[in-house]
Amino acid sequence: MTFFKFLKSRVFWIQVALAVVATVFLLWLVGQILAFYTTSGRTVVVPQLVGHLQADVEREVENADMSIKLIDSLYRTDVAPGVIVDQIPEAGKKVKKGRVIYVTINAFTKEMTSMPALVNFSFRNARVNLQNAGLEMGRVDSVPSPYDGLVLKQTVDGKSVAPGARLPKGSRVDLVVGRGGSDGPTTIPSLAAKTYEEAIAAIAAARLSVGNVTFDESVSSAADTATAVVYRQSPTPAAGRVDAWSHVSITLTTDVSKLAPSTSDF
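Only a predicted model underlies this, so the values are computations on that prediction, with no experimental measurement involved.

Reading guide: rules and limits
- Residues numbered from 1 in each chain as written.
- Predicted model: local features only at pLDDT ≥ 70, side-chain atom pairs only at ≥ 80, totals over all residues.
- Heavy atoms only, no water.
- Helix = DSSP H or I, 4+ residues; strand = E, 2+ residues; numbered from the N terminus.
- Buried < 20%, exposed > 50% of the residue type's maximum accessible area, 1.4 Å probe, protein only.
- Contact = heavy atoms within 4.5 Å.
- Areas by Shrake-Rupley, 256 points an atom, 1.4 Å probe, with all protein chains shown as cover.
- Salt bridge = Lys/Arg side-chain N within 4 Å of Asp/Glu carboxyl O.
- Arc of directions from axis to C-beta.
- Patch = residues over 30% accessible without salt bridge, like charges linked within 9 Å, V, L, I, M, F, W, Y side chains within 5 Å.
- Core = buried A, V, L, I, M, F, W, Y, C linked by side-chain atoms within 4.5 Å.
- Phe/Tyr/Trp six-rings, centres within 6.5 Å; stacked < 30°, edge-to-face > 60°.
- Lys NZ or Arg CZ within 6 Å of the ring centre and 35° of its normal.

Student: Would you mind showing me how to read the overall build of the protein here?
Tutor: Along the backbone of the protein there are six helices and 16 strands. Looking at the protein as a whole, 32% of its 266 residues qualify as buried. When contacts within the protein are restricted to residue pairs at least 6 apart in sequence, those whose partners lie at least 24 apart make up 72%. Summed over its atoms, the accessible surface of the protein is roughly 15,800 Å², and 57% of this surface lies on carbon and sulfur atoms.

Student: Looking at this structure, I do not really get the pattern of salt bridges. What am I missing?
Tutor: Between side chains of opposite charge, a pair can form as their charged atoms come close. Under the criterion given, the structure shown has seven salt bridges. Residue R172 is joined to E136 by a salt bridge in which the shortest nitrogen-to-oxygen separation is 3.3 Å. Of this pair, R172 sits in strand β11 (residues 172-179) while E136 is found in strand β7 (residues 136-144), placing the two residues 36 residues apart along the sequence. One salt bridge connects R139 with D141, and the closest N-O pair in it is separated by 3.1 Å. You can call R139 partly exposed: its relative accessible area is 31%. D141 sits in the partly exposed class, given a relative accessible area of 21%. Within this structure, D216, E217 and K258 form a network of salt bridges that share partners.

Student: How should I be thinking about helix α5 (residues 196-205) in this particular structure?
Tutor: Since the α-helix packs 3.6 residues into each turn, any two residues three or four apart lie on the same face. Y196, A199, I200, A202 and I203 are the residues of α5 that are buried. For α5, the buried positions fall inside an angular range of 160 degrees around the axis, keeping them on one side. Here the buried face of α5 lies against α4 (123-132), β7, β11, β13 (209-215), β14 (229-234) and β16 (247-253).

Student: Which parts of the structure should I look at to understand a nonpolar patch on the surface?
Tutor: A cluster of nonpolar side chains, namely F25, L26, W28, L29 and I33, defines an oily patch on the protein surface of about 500 Å² accessible area. Positionally, W28 belongs in helix α2 (residues 10-39).

Student: What is the right way to look at unusual backbone geometry in this model?
Tutor: For residues other than glycine, phi is negative in most cases, and the peptide bonds are mostly trans. That bond from I88 to P89 is cis: its omega, 0 degrees, falls within 30 degrees of zero. With respect to the secondary-structure elements, P89 resides in the loop between β3 (84-88) and β4 (94-96). Its identity as a non-glycine residue notwithstanding, R207 has a phi of 60 degrees, on the positive side. Mapped onto the elements of the fold, R207 is located in the loop between α5 and β13. The phi angle at W245 is positive, at roughly 70 degrees, despite the residue not being glycine. On the secondary structure map, W245 appears in the loop between β15 (241-243) and β16. Judged by its relative accessible area of 14%, W245 falls in the buried class.

Student: Looking at this model, I keep getting lost on the nonpolar core. Mind explaining?
Tutor: One broad rule of soluble globular proteins: the nonpolar side chains tend to lie buried together. The biggest cluster of nonpolar side chains holds 33 residues, and the ones touching the most others in it are M115, L118, M137, V173, L175 and I250. Looking at this core, the elements with two or more residues in it are α4, β7, β8 (151-156), β11, α5 and β16. Per-element tally for this core: the top contributor is α5, with five residues. Once you skip the residues sitting within four places of it in the chain, I250 turns out to touch L191, Y196, A199, N212, V213, T214, V230, R232 and Q233.

Student: It is not clear to me how the packing of aromatic side chains should be interpreted in this structure. Could you clarify?
Tutor: Pairs of aromatic rings are described using the distance from one ring centre to the other and the angle between the two planes. Under the defined criterion, the tally for this structure stands at one aromatic pair. When the ring centre of Y196 is taken as origin, the NZ or CZ atom of R172, which lies over that ring, is 5.0 Å away.

Student: Teacher, can you tell me more about the side chain of T155 here?
Tutor: Mapped onto the fold, T155 is located in strand β8. Residue class for T155 comes out buried when judged on its relative accessible area of 10%. In this structure T155 touches S160, V161, R172, V173 and D174, once residues within four positions along its chain are discounted.

Student: So what exactly am I meant to see when it comes to the environment of G51 here?
Tutor: Within the secondary structure, G51 is located in the loop between β1 (43-45) and α3 (54-63). Each C-alpha atom, one on G51 and one on V83, is 5.8 Å from the other, the two residues being 32 residues apart in sequence. With residues up to four places along the chain from it excluded, the contact list for G51 reads V83 and I84.

Student: Looking at this model, I keep getting lost on α3. Mind explaining?
Tutor: Residues Q54, V57 and V61 constitute the buried set of α3. Along α3, the residues classed as buried sweep out an arc of 75 degrees about the axis, all on the same side. What points out from α3, more than 90 degrees from its buried face, is the exposed set A55, D56, R59, E62 and N63. Of the surrounding secondary structure, the elements contacted by the buried residues of α3 are β2 (67-74), β3 and β5 (100-106). Looking at the residues trailing α3, positive phi occurs at D65, about 60 degrees.

The structure is reproduced here in structure tokens:
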């Protein structure tokens, strides 16, 4: 058999195929061996740090040949001060020894913010400015004034607060808003399933004032407050028309099962 005939023969191509398979297998085997020798005994599992005080888990992390680095803090009302609320990498992941675990803890004190200037601004602008400052709108009262819809006073816990004063984020700011000559009767809107911000906007649009604002037992944190919805109001839409700028009180919940099946039941 000549050389060129051998290259075309079945035996030649079978040998080529076997050589390719053997080469691929050897490369895979070498890769597995290298991976074993380079990582064996050098990886650890990241422990669960979220929910624990940093001081309580530092020894555990050190024993696993890792370290902790604090990179941020935030304030949450539903978590004890100093407790870890986030970690990178997450618990359960395999990492090399010596890896740094970056953690975020719950701050020991509330984050502060500056009171914005609200007086002589429109009620709509006041809402936006409070939200941008991390503050919440509390009670809204209205008084006769030639400047309809203009904020006349801003208070916290019954005391006037000047622009620039430092307040804990999430503080409720009460407003006194001027009302123009529209003092005739107005219709009570249905506030069912509206968030706090949506409810106070609807109350203001109906020429009414915000009365008492309460939350049920399902609301236990700032996050809950932001997502809670109205499930009870007084007076109800069934009251029909009332004097303009009357107070409407609302109660909010995160338990949607409390929402009435219809407006008439609300």
